[in-house]
Amino acid sequence: MMSAPTAAAGSDQTAAFSLAGRLEQHDVTFKALIGNRLGDPPHRTLLIYLPKEYDEEDQRRFPVVYVLHGFTLNVRDWVKPGSLYADYLPRADQLMRSGSMPPVIVVFIDGWTSLGGSQYVDSSGTGRYQQYFVDDIITWVDRHFRTLPEGRHRAVQGHSSGGFGAVYTALCHPDAFAAIGPCAPDALYEVLYPPIFSNAVRLLRNAGATFKQWQTGEIEIPGAGDLQMCQGIAACFSPDALGTPQLPFDTKTGRTLDVIWQEWLAFDPVRLVEQCGDRLAGTRVFLSVGASDEYHLADGAFALEYLLRKQGLHVALRTEETDHCGIAKWLPSELRAIAEVIAH
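Nothing here was measured: the structure is a model prediction, and the numbers come from that model.

1. Considerations on the pairing of strand β10 (residues 284-290)
- For β10, the buried fraction is high: six of the seven residues fall into the buried class.
- Relative to β10, strand β9 (residues 179-183) runs parallel, the two sharing three bridges. Paired with Ile180 across the two strands is Val285, which belongs to β10.
- Direction of pairing for β10 relative to strand β11 (residues 315-320): parallel, over a ladder of six bridges. Of the residues in β11, the one forming a bridge with Val289 is Thr319.
- Handedness of the crossover is the feature at issue here: the chain leaves β10, passes through helix α11 (residues 297-310), returns alongside β11, and the resulting connection is right-handed.

As structure tokens, this is what we get:
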């Protein structure tokens, strides 16, 4: 199902961009999300940027870049005033308008869940978000827009959890993308997650609360972002048979619960690339990360670069003197490199 396209700029929730191209909003019911355990809406918004050439050359077809947001965010953060990603679209439009990069269609997809995010994976705890992306959204976009529908003219880019989603999706569907742009992707879980687990335990202890008391809202804990992350990622990576999130650590002692932790590690891009990185043999990888990333994701990015190069794959790594959020401002620059690959 599809609504008539509406202009996505100018509301009080949307930056009033002045674009050479145009941005459309489409609200679509996606089959893969119907009946998800969380009861989150299967009716989702797609924001679709069309370069000015799309209207000027009505017989021309265009490559497509899919863009994935980070955890706790949603698709409207790409156009929300003051948001982390607010300058992405104007900068991308300017690069295309000036001729500094080939014109591409850019599709912003919604990976939000009521627990924080989907990680863009299929899970009984959140829903079939990998299927939603690869089967539902890509098919819908190719049907409704003048795309170049072959994998060699398609790419995926994302920040943080969206960066993870870019790597994971390309590994699962290697023929679907010619280039990927993971920016500060969640990777090297042995370094990334244990400090978050430890802080979650401290938050509960200091509040005199059990995880269930926080989860049900019986006890509110200020600054509980790490608890939210643990719960949300567990719903993606380690739900039980009923879809209930299972944490990979004991909330009283902080001790790692090995069986559940192994379920998380099975999603770690570092391990996945080590095991099956050859699937990306035909894919150009454009990694970027902040050298001062507070989640230690620079370590994960360097590990990914090493393993990809070890397997003879093409990878470029950009590092900048900034933190986890700061690196997002380089996304348009990485988009330019990606567009050069998929335009030919």
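There's plenty left to go through after this.
2. With respect to the side chain of Arg44
- Relative to the elements of secondary structure, Arg44 occurs in strand β3 (residues 43-50).
- Among the residues examined, Arg44 registers a relative accessible area of 2% and is labelled buried.
- Polar side-chain contacts of Arg44 include one of 3.4 Å to the side chain of Asp110.
- Reaching out from Arg44, the side chain makes a polar contact with the backbone oxygen of Trp112 at a distance of 3.1 Å.
- In this view, Arg44 contacts His26, Asp27, Val28, Phe30, Leu33, Asp110, Trp112, Tyr129 and Tyr132; residues no more than four positions away in its chain are not counted.

3. With respect to helix α4 (residues 161-172)
- If you check α4, its first and last C-alpha atoms are 16 Å apart, about what 12 residues at 1.5 Å a residue would give, namely 16 Å.
- With respect to burial, α4 is a largely interior element, 11 of its 12 residues being buried.
- Ser161, Gly162, Gly163, Phe164, Gly165, Ala166, Val167, Tyr168, Thr169, Ala170 and Leu171 are the residues of α4 that are buried.

4. Re empty space enclosed by the protein
- Enumeration according to the criterion identifies three cavities of 30 Å³ or more in this entry.
- Considering the residues around the largest cavity, the lining is formed by Val167, Ile180, Pro182, Val273, Leu280, Val285, Leu287, Leu304 and Leu308.
- Among the secondary structure elements, those contributing two or more residues to the lining of the largest cavity are β9, β10 and α11.

5. Some words on the packing of aromatic side chains
- Summed over the entire model, instances satisfying the criterion amount to 25 aromatic pairs.
- Here Trp78 and Phe108 contribute two aromatic rings whose centre-to-centre distance is 5.4 Å and whose plane-to-plane angle is 35°, an arrangement assigned as tilted. On the criterion of sequence distance, the pair formed by Trp78 in the loop between β4 (64-68) and α2 (88-97) and Phe108 in strand β5 (residues 105-109) is long-range, its members being 30 residues apart. For the pair Trp78 and Phe108, a shared accessibility class is recorded, and that class is buried.

6. Some details on the environment of Gln94
- The topology assignment puts Gln94 in helix α2.
- The class for Gln94 is partly exposed, based on a relative accessible area of 35%.
- Counting along the chain gives 75 residues from Gln94 to Leu19, while the straight-line C-alpha distance between them is 7.9 Å.

What counts and what doesn't
Residues take numbers from 1 onward in each chain, read along the sequence in its written order. The predicted nature of this model means local features are confined to residues of pLDDT at least 70 and side-chain atom pairs, given and counted, to a pLDDT of 80 or more, with totals for whole chains, interfaces and linings taken over all residues. Note that the side-chain values use all heavy atoms of the structure and ignore hydrogens as well as water. A 1.4 Å probe rolled over the protein chains alone gives each residue an accessible area, and that area as a share of the maximum for its type sets the label: buried under 20%, exposed over 50%, partly exposed in between. Numbering of helices and strands starts at the N terminus; helices are DSSP runs of H or I of at least 4 residues and strands are runs of E of at least 2. Here the rule is simple: two strands pair whenever DSSP picks up at least two bridges between them. Call a crossover right-handed when, viewed with both strands pointing away from you, the route from the first strand across the helix to the second goes clockwise. Any pair of nitrogen or oxygen atoms within 3.5 Å is treated as a polar contact; in protein, a donor-acceptor pairing is required on top of that, and neighbouring residues in sequence qualify only through side-chain atoms on both sides. In what follows, residue pairs with any heavy atoms lying within 4.5 Å of each other are defined as contacts. Take the number of residues in a helix, subtract one, and multiply by 1.5 Å to get its expected span. With a 1 Å grid laid over protein atoms only, a set of points is called a cavity when a 1.4 Å probe fits there but cannot get out and a pocket when it is open yet has protein on both sides within 12 Å along at least five of seven lines; lining residues have an atom within 4 Å of a point. Grid points are joined across faces, edges and corners, and a volume is the space filled by probe spheres set on the points. Within 6.5 Å between ring centres, the rings of Phe, Tyr and Trp (the latter by its six-membered ring) count as paired, and their orientation is classed by plane angle as stacked under 30 degrees, edge-to-face over 60, tilted in between.

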